[in-house]
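Below, each chain spelled out in residue letters.
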Amino acid sequence: INAATQARIGLHYSLFEEEATDTSRETLGLTAAVDFDRPDGSFTLGFAADDTPDGTRLSVDFGRTYTLPTGSLSASIGLTRGTDAELYATGNLQMRYTLPRGALTASLNRSVGPGSDDAEEIVTSLSLGAHNALTPVSNIGVNLAFVRAEEAAETTDITSFGVTYDYALGPDWSLSAGYGFQQRDDAGGSANASSVSLTLSRTFDFRP
């Protein structure tokens, strides 16, 4: 619109087909947002609409982002009218704190969207992360996350933890090692899984 104001608009379409019952569900959506730049960050006003077989889902939200000397802070608050005609509060809070050799991050989010068969699903998540350079060629990262999904009378909790270590072997080669753990709790009980990864990668530059 001008140097300090930008408008964004998008369309999305999804098709879900179930072979067992030979049925299909189509969803058409529209998203729009206006960003207002400020000297210390920006304001955002957003709108979304999804047309589903069960009805229309409408959402509005207002957000504010601050650029700080030690990092950044952003927050948003919104309201969603679900396909069940109920009103749900939504919101998001994100923080990044810059350290001399890394950063700390934290985020808290609550959203409403389609679950199974487009039924309303409320998802609340919390994540914490830390990243630090050990040497000029190596760094370590740690993250912890918790997600709760609520749909109808069912609640699913997922807790995850991960550690990664990256080492630059040279200008093109790098080595990455990681460990992850996840636990899932729902009406059917509890289950957990662990994973270990080791990746050797190389980047290529193509010059004309």
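Up top is the structure.
Procedures and definitions
- Residues numbered from 1 in each chain as written.
- Predicted model: local features only at pLDDT ≥ 70, side-chain atom pairs only at ≥ 80, totals over all residues.
- Heavy atoms only, no water.
- Pairing = 2+ DSSP bridges.
- Helix = DSSP H or I, 4+ residues; strand = E, 2+ residues; numbered from the N terminus.
- Axes fitted to C-alpha atoms, helices over the stretch in contact; angles between N-to-C directions.
- 1 Å grid on protein atoms, 1.4 Å probe; cavity = no way out; pocket = protein on both sides within 12 Å on 5 of 7 lines; lining within 4 Å.
- Points joined across faces, edges and corners; volume = space filled by probe spheres on them.
- Nonpolar A, V, L, I, M, F, W, Y, C, P; charged D, E, K, R; others polar.

Q: I'd like to hear about the pairing of strand β1 (residues 5-18), residue by residue, with values.
A: As judged from the 14 bridges shared by β1 and strand β2 (residues 23-38), these two strands associate in the antiparallel manner. From the neighbouring strand, His12 faces β2, where its bridge partner is Gly29.

Q: Before we move on, can you summarise the sheet that holds strand β3 (residues 41-52) with the specific residues and values?
A: Pairing within the open sheet is antiparallel, and its 12 strands lie in the order β1-β2-β3-β4-β5-β6-β7-β8-β9-β10-β11-β12. Looking along the sheet, the strands with just one partner apiece sit at the ends: β1 and β12 (189-202). Strand-to-strand twist in this sheet, taken as the mean axis angle between neighbours without regard to direction, amounts to 10°. Bridge count between strand β9 (residues 138-151) and strand β10 (residues 154-168): 14 bridges; the pairing is antiparallel. Following the sheet pairing, Arg148 is matched in β10 by Asp157.

Q: Just give me the short version of the layout of surface pockets, but keep the residues and values in it.
A: Its boundaries defined by the atoms lining it, the largest pocket holds a volume of some 320 Å³. Ser59, Asp61, Thr80, Thr90 and Ser111 are the residues nearest the centre of the largest pocket, which is lined by 22 residues in total. Mapped onto the lining of the largest pocket, the elements with two or more residues apiece are β3, β4 (55-68), β5 (71-81), β6 (87-99) and β7 (102-114). Element by element, the count of residues in the lining of the largest pocket is highest for β7, at 6 residues. Of the residues in the lining of the largest pocket, the class split is 8 nonpolar, 10 polar and 4 charged.

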